Amino acid sequence: GSSLSNNDIKASVIHPLATFNTNGFGLRSSTADPTILPFVNRNSTDRIYQLIILKERITELFTPSSANRLEYKITLLGKRVVEAKLGIDSKDLEAVRKSLLLYQGSFKNIIDDVRSESIGLSSDKGIWRRDFLRQAFGTHLSILEDLKKSDIVDKQTISFIDETEKLVREASSALFIYPSH
């Protein structure tokens, strides 16, 4: 058999607004699923961004079941990652850092919600929607890694990205999810 290196595999994931280049084996965790990478056309420094956040909170409040609400929150995590990518594309590092701070703040609560949703599951199911979580977090990690490769990223922004990656990896490990990226 032949072995593949990261340089042997190159692909792009096409999203309604952005194209995410993936290199190597991170390809397995990339997706254009709108529940993982939703459409984004504003970044976090946009003047109407607070209205977007308000709309998201209202939508969350009126989402009837806890499982659907949790899926919506994970979709919003994907939105924060796409906003960070949009910030890189528009050379707005403040937007990147703000989106990552929002991601970090939401992530901790979402992990608690995943644990709560997993309590009643049988031992063979274990964690609520494990494959969905693995794909979502793997995709987030893949995009975060790509953000660090940008020519405009400074040390402070790299630190925000590193903190976010660490948070995702540690929580994933604690839940036995292990994203493929």
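Residues numbered from 1 in each chain as written. Predicted model: local features only at pLDDT ≥ 70, side-chain atom pairs only at ≥ 80, totals over all residues. Heavy atoms only, no water.

### Section: the environment of Lys73
Keep this limit in mind: In this text, helices come from DSSP runs of H or I with a minimum length of four residues, and strands from runs of E with a minimum of two, each type numbered from the N-terminal end.
With respect to the secondary-structure elements, Lys73 resides in helix H2 (residues 66-89). Separated by 13 residues in the primary sequence, Lys73 and Glu60 have C-alpha atoms spaced 7.6 Å apart.

### Some thoughts on unusual backbone geometry
For the record, the criterion: Accessibility here uses a 1.4 Å probe with only protein chains present; expressed as a share of the type maximum, an area under 20% marks a residue as buried, one over 50% as exposed, and anything in between as partly exposed.
For Lys91, which is not a glycine, the phi torsion comes out positive at approximately 60°. Assignment of secondary structure puts Lys91 in the loop between H2 and helix H3 (93-118). According to the relative accessible area criterion, Lys91 is exposed, its value standing at 63%. Residue Arg129 is not a glycine yet carries a positive backbone phi of 45°.

### Quick notes on the confidence of the model for the protein
Spelled out, the test is: On a range of 0 to 100, pLDDT expresses the predictor's confidence in each residue. Contacts are assigned to residue pairs that have any heavy atoms within 4.5 Å of one another.
Looking at the protein as a whole, the pLDDT averages 81, with 76% of positions reaching at least 70. With pLDDT under 50 throughout, residues 1-29 is counted as low confidence; its partners more than four residues away or in other chains account for 58 contacts.

### Remarks on the packing of aromatic side chains
Worth spelling out the cut-off: Only rings of Phe, Tyr and Trp enter the pairing, Trp through its six-membered ring, and a pair is recorded when the two centres are within 6.5 Å. The plane angle decides the type: under 30 degrees is stacked, over 60 is edge-to-face, the rest tilted. The rule is short: NZ of Lys or CZ of Arg within 6 Å of the ring centre and within 35 degrees of the ring normal puts a charge over the ring.
As enumerated under the stated definition, the model contains three aromatic pairs in all. Where Trp128 meets Phe132, the ring centres are 6.4 Å apart and the plane angle is 90°; that geometry is what we call edge-to-face. When sorted by exposure, Trp128 lands in the same class as Phe132, which is buried. Clustering of aromatic rings is evident, with ring pairs tying together Tyr103, Phe107 and Phe137. Above the ring of Phe132, the side-chain terminus of Arg129 is found at 4.3 Å from the ring centroid.

### Quick look at the pattern of salt bridges
Threshold: Put simply, a salt bridge is a Lys or Arg side-chain nitrogen that is within 4 Å of an Asp or Glu carboxyl oxygen.
Inspection of every chain in the model, using the stated rule, returns 16 salt bridges. For Lys148, the salt bridge identified is with Glu165, shortest N-O distance 2.8 Å. With Lys148 in helix H4 (residues 130-148) and Glu165 in helix H5 (residues 155-174), this pair connects stretches of sequence that are 17 residues apart. Judged by its relative accessible area of 21%, Lys148 is partly exposed. You can call Glu165 buried: its relative accessible area is 5%. In this structure, Lys166 and Glu170 form a salt bridge, with 3.9 Å as the shortest nitrogen-oxygen distance.

### Examining the layout of surface pockets
In plain terms, the rule: Detection works on a 1 Å grid of protein atoms alone, calling trapped sets that fit a 1.4 Å probe cavities and calling open sets with protein on both sides within 12 Å along at least five of seven lines pockets, with lining residues defined by an atom within 4 Å of a point. Grid points are joined across faces, edges and corners, and a volume is the space filled by probe spheres set on the points. Residues are grouped as follows: nonpolar covers Ala, Val, Leu, Ile, Met, Phe, Trp, Tyr, Cys and Pro; charged covers Asp, Glu, Lys and Arg; every other residue, Gly included, is treated as polar.
In this structure, the largest pocket encloses a volume near 280 Å³. Those elements giving two or more residues to the lining of the largest pocket turn out to be helix H1 (49-61), H2 and H3. Residue contributions to the lining of the largest pocket peak at six residues, all from H3. When the residues that make up the lining of the largest pocket are grouped by side-chain class, the tally is six nonpolar, three polar and five charged. Estimated volume of the second largest pocket: approximately 200 Å³. Considering the residues around the second largest pocket, the lining is formed by 13 residues, among which Phe39, Ile52, Lys55, Glu56 and Lys79 are closest to the centre. Listing elements by their share of the lining of the second largest pocket, those giving two or more residues are H1 and H2. With five residues, the single largest contributor to the lining of the second largest pocket is H2. The class makeup of the residues in the lining of the second largest pocket is six nonpolar, two polar and five charged.

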